[in-house]
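Residue-level listing of the chains:
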Amino acid sequence: MITDQLVIKNSKEESSYTKDVNSESPKRSIAKSISWRIVGTIDTIIISWIVTGTLKLAFSIGMVELVTKMVLYFFHERIWNSIKWGK
C-alpha cells in the first residue's frame, strides 16, 4: 500500500486527482467538524468530570473546547485540502 502511494501515477489517474482536489466543499468541512466535535466534546466532558468531580465545571470546559477546536479543525481541514502530498 505504501509503495502504491509513492509510485508516480499515470496520466489517466491524474484526471481523477484533479476531481479529488476540488471535491471537498467548505460546507462539507463544516459538517465534518461539527460531527467530530460532538464526539470530542462528549469525551472532554467525561474526562473533565472524572478529573474535577464537578459536572458543572466539566460542561464549562466542554463548551469552551467545543467552539475553539471546531474552528481550529475547520482551518486544519482547509489547509490539508490545499496540500497535494499523498493525494
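Structure: above.
As the structure is a computational prediction, the values presented were derived from the model and not from experiment.

Visitor: An account of the overall build of the protein chain is needed here, citing residue identities and associated values.
Guide: Within the protein chain one finds four helices and zero strands. Counted from the first residue to the last, the protein chain has its helices and strands arranged as α-α-α-α. Evaluated residue by residue, the protein chain yields a buried proportion of 17% over its 87 residues. Considering only residue pairs separated by 6 or more positions, the protein chain has 63% of its internal contacts joining residues 24 or more positions apart. Carbon and sulfur atoms make up 70% of the accessible area of the protein chain, which amounts to about 7,100 Å² in all.

Visitor: Residues and numbers for the environment of Gly62, please.
Guide: Mapped onto the secondary structure, Gly62 falls in helix α4 (residues 55–82). Gly62 gets classed as buried once you look at its relative accessible area, which sits at 0%. Between the alpha carbons of Gly62 and Asp43 there is a distance of 8.6 Å; along the sequence they are 19 residues apart. Once you skip the residues sitting within four places of it in the chain, Gly62 turns out to touch Thr41, Thr44 and Ile45.

Criteria and thresholds
- Residues numbered from 1 in each chain as written.
- Predicted model: local features only at pLDDT ≥ 70, side-chain atom pairs only at ≥ 80, totals over all residues.
- Heavy atoms only, no water.
- Helix = DSSP H or I, 4+ residues; strand = E, 2+ residues; numbered from the N terminus.
- Buried < 20%, exposed > 50% of the residue type's maximum accessible area, 1.4 Å probe, protein only.
- Contact = heavy atoms within 4.5 Å.
- Areas by Shrake-Rupley, 256 points an atom, 1.4 Å probe, with all protein chains shown as cover.

Take it as geometry only, folks, not as evidence of what the structure does.
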